[in-house]
Amino acid sequence: MASDGPFLVAAVTLMSATHMGYLARRVGWSRIALKIMPPVVTGPPEFERTFRAHQNCVEFYPIFLVVLWSCSTFFSELVAAVGGLVYMVARQMYFNGYVKSTKKRLPGFILTLAVLFTLSLLASIGVLRGILHKYFHIHL
Amino acid sequence: MASDGPFLVAAVTLMSATHMGYLARRVGWSRIALKIMPPVVTGPPEFERTFRAHQNCVEFYPIFLVVLWSCSTFFSELVAAVGGLVYMVARQMYFNGYVKSTKKRLPGFILTLAVLFTLSLLASIGVLRGILHKYFHIHL
Amino acid sequence: MASDGPFLVAAVTLMSATHMGYLARRVGWSRIALKIMPPVVTGPPEFERTFRAHQNCVEFYPIFLVVLWSCSTFFSELVAAVGGLVYMVARQMYFNGYVKSTKKRLPGFILTLAVLFTLSLLASIGVLRGILHKYFHIHL
């Protein structure tokens, strides 16, 4: 690991983990602002939207990590790293939009899905090429 | 990564991520069918079961990824890949059962636990063998 | 993988996955003790605190895995493994405290954040050093 390694996608991954920590903080700040003590998860619509926005990010985070690293390992580290950065922007758009209104979550969410779809498609191409090469001696 | 790599378990992992995306869609379809707008997460019993079924899948997904890749890396990629496929079937049984009734979630759930237990046991054997070899020069 | 590999951090990772399974069981036992059938997630304050304690562990688990393995791969496997063990202790403190009262969750939670911050800082140092070396030929 001294001079080579997937440093770019590792940097993006660490940034995404920090971003997830920040979004968890946003829920905490919303709790303080609206005086909603844990373990309560219901309250004014704005809090419930903030809470659900975070939950949705949590639900998708392992899926994101899977497609990010699959794309990086089996297709292209640079493409994966760029995709990871776009995903973070999309999640921030989604989160900020959802806090304002349920409808405003959609543009960010659609971009989120587009990134996940692209990364998983490229990763699948790489994995399929690998399987054809390793097990069927077909070189594409 | 050109001609060798854990392509089989990578393929199963990408399939599992797609499966998780599909289960998230199932919650969305249930919302549309029963007219439950986000961020609301309560409603008719069928919606609440569907929602909880998905949540349980989300909670276990990182655990699944850990034991899948540990088994693949430290014991056997082929065994891990087969285990991963069985896990997906088990999760689908669990989800479909839970949507029908709380009790019908159990067969799929028990199979889920059996797969996780088996994968983690085999992974632990592999890791323990590695530690004995590397740090204690004991070759099993 | 025969004689070398990140066996220590792999062992800690498998332990953490088992620990997450145990915390999920704790919610199940709380359901049985307080007679709260799934899919219900509301009830007496003790159950709601137990449920939220587990949810918080679930939310942070992928973040933990990211910083654990980044620290192990790009900084030091031994430091990561020790950090992972401390994280498990911190999560257990957090969980046991939260079951008793909302306030008693704090010492464990602060220790949790300290471990995550330390692991991500060390991982970032390692990744940054790698990027400087690989792309800028700067050797620190």
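What counts, and at which threshold
Residues numbered from 1 in each chain as written. Chains lettered and ligands numbered in written order. Predicted model: local features only at pLDDT ≥ 70, side-chain atom pairs only at ≥ 80, totals over all residues. Heavy atoms only, no water. UniProt positions renumbered as here; feature names shortened; annotations may be inferred. Least-squares fit on C-alpha atoms with pLDDT ≥ 70 in both. Contact = heavy atoms within 4.5 Å. 1 Å grid on protein atoms, 1.4 Å probe; cavity = no way out; pocket = protein on both sides within 12 Å on 5 of 7 lines; lining within 4 Å. Points joined across faces, edges and corners; volume = space filled by probe spheres on them. Helix = DSSP H or I, 4+ residues; strand = E, 2+ residues; numbered from the N terminus. Nonpolar A, V, L, I, M, F, W, Y, C, P; charged D, E, K, R; others polar. Core = buried A, V, L, I, M, F, W, Y, C linked by side-chain atoms within 4.5 Å. Buried < 20%, exposed > 50% of the residue type's maximum accessible area, 1.4 Å probe, protein only.

Looking at an unreviewed UniProt entry, one finds chain A named Microsomal glutathione S-transferase 2, with Amphiprion ocellaris as its source organism. Turning to chain A, the UniProt record has this under Subcellular location (unreviewed entry): "Endoplasmic reticulum membrane".

(A) Highlighting the relation of the copies chain A and chain B. Mapping chain A onto chain B calls for a rotation angle of 120 degrees and an axial translation of 0.0 Å; the resulting RMSD is 0.0 Å. Read as a symmetry element, the transformation amounts to a three-fold axis. Every residue of chain A has its C-alpha some distance from the rotation axis, and the shortest such distance is that of Pro62(A), at 3.8 Å. When the interface residues of chain A are mapped onto chain B, a mere 8% of them are again interface residues, pointing to distinct binding faces.

(B) Representation of the layout of surface pockets within the structure. Volume-wise, the largest pocket comes out at about 1,400 Å³. Considering the residues around the largest pocket, the lining is formed by 37 residues, among which Trp69(A), Thr73(A), Trp69(B), Trp69(C) and Thr73(C) are closest to the centre. Elements with a contribution of two residues or more to the lining of the largest pocket: helix H1 (7–34) and helix H2 (45–74) of chain A, helix H1 (7–34) and helix H2 (45–74) of chain B together with helix H1 (7–33) and helix H2 (45–74) of chain C. For the lining of the largest pocket, the class distribution of residues is 24 nonpolar, 12 polar and 1 charged.

(C) Region of interest: the nonpolar core. If you look at the biggest cluster of nonpolar residues, it comprises 106 residues, and the most contacted ones within it are Tyr61(A), Tyr61(B) and Tyr61(C). When neighbours within four sequence positions are excluded, Tyr61(B) is seen to be in contact with Pro62(A), Ile63(A), Val66(A), Thr13(B), Ser16(B), Ala17(B) and Met20(B).

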